[in-house]
Amino acid sequence: MNNLATDLARLHVLEGADFVKQLKAIAASEEFHPLEDDNNIFTTGGEKQEDYDNLINAARKAVELGYKVYILPNPRSVRTADFIFEQHGIYKMYELKTIQGKASVGNRLFDSIGQTHHVLLNIKTSYNAGRLASEIKAYFQQYFKAREVLIFKGKQVITIKREFAMKKSFIVEFRKRYR
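All figures in this text were calculated on a predicted structure; none of them were measured in a lab. (Residues numbered from 1 in each chain as written. Predicted model: local features only at pLDDT ≥ 70, side-chain atom pairs only at ≥ 80, totals over all residues. Heavy atoms only, no water.)

Trainee: For this particular structure, what's the right way to read helix α5 (residues 129-142)?
Mentor: Look at α5: 20 Å from first C-alpha to last across 14 residues, which is about the 20 Å you get at 1.5 Å a residue. Of the residues making up α5, those classed as buried are Ala129, Gly130, Leu132, Ala133, Glu135, Ile136, Lys137, Tyr139 and Phe140. Tucked inside the fold, the buried residues of α5 contact α4 (105-111), β6 (118-123), β7 (148-153), β8 (156-161), α6 (162-165) and α7 (170-178). The N-cap of α5, judged by a side-chain oxygen 2.9 Å from the amide nitrogen of glycine 130 a few residues on, is asparagine 128. (Helix = DSSP H or I, 4+ residues; strand = E, 2+ residues; numbered from the N terminus. Expected span 1.5 Å × (residues − 1). Buried < 20%, exposed > 50% of the residue type's maximum accessible area, 1.4 Å probe, protein only. Contact = heavy atoms within 4.5 Å. Polar contact = N/O pair within 3.5 Å; in protein donor to acceptor, adjacent residues only side chain to side chain.)

Trainee: Honestly, unusual backbone geometry in this entry has me stumped. Any pointers?
Mentor: For residues other than glycine, phi is negative in most cases, and the peptide bonds are mostly trans. In this model, histidine 88 sits at a positive phi of 55°, which is unusual for a non-glycine residue. Positionally, histidine 88 belongs in the loop between β4 (83-87) and β5 (90-99).

Trainee: Can you help me understand the pairing of β7 in this one?
Mentor: If a strand is regular, its side chains alternate between the two faces of the sheet. Counting buried positions along β7 gives 5 out of 6 residues, so the element sits mostly inside the fold. Pairing of β6 with β7, which is carried by 6 bridges, proceeds in the parallel orientation. The residue bridging leucine 121 from the neighbouring strand is isoleucine 151, located in β7. A crossover links β6 with its parallel partner β7, the connecting element being α5, and its sense is right-handed. Here 6 bridges tie β7 to β8, and the two strands are oriented antiparallel to one another. By the bridge assignment for β8, isoleucine 151 is matched with isoleucine 158. (Pairing = 2+ DSSP bridges. Right-handed = clockwise from strand over helix to strand, strands pointing away.)

Interpretation note: all reported values are geometric properties and have no functional meaning in isolation.
Right under this line is the structure:
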């Protein structure tokens, strides 16, 4: 796992094409193997991680949307995201935040800072659309490197890009989408 930990650590200093090249190299690592029951989800092990069930559930939803999913290990030496998603040759790294409480999105989003610029919110509870929109907007306003918040809520999938979240009409438009 040492090589993979080093490769993951390098992501923190890379940007643009170099970052994407590194993501592709990590996904191609021989340390990954497909899950027995799903050839589109790859793992290095980690079944003993405390949040492994949440990772698998979110990975399965992503596969339903057409992604190949690489569940990243959590080396002790570096903060890493949870996933690499690949679709049509495009690679992105996501930090998973499973939302089960009624007022936890803001804290969970800010907890992801320093791991990746893309966050996946897997919402497992009813969450007020206005509050969710406000917390997402605050995250984008305070973390200028944030690029995307992907939301899984039941069978619904919503992608929030920075440009959309920064619009004055974002909260109103989001509430319509979220219902």
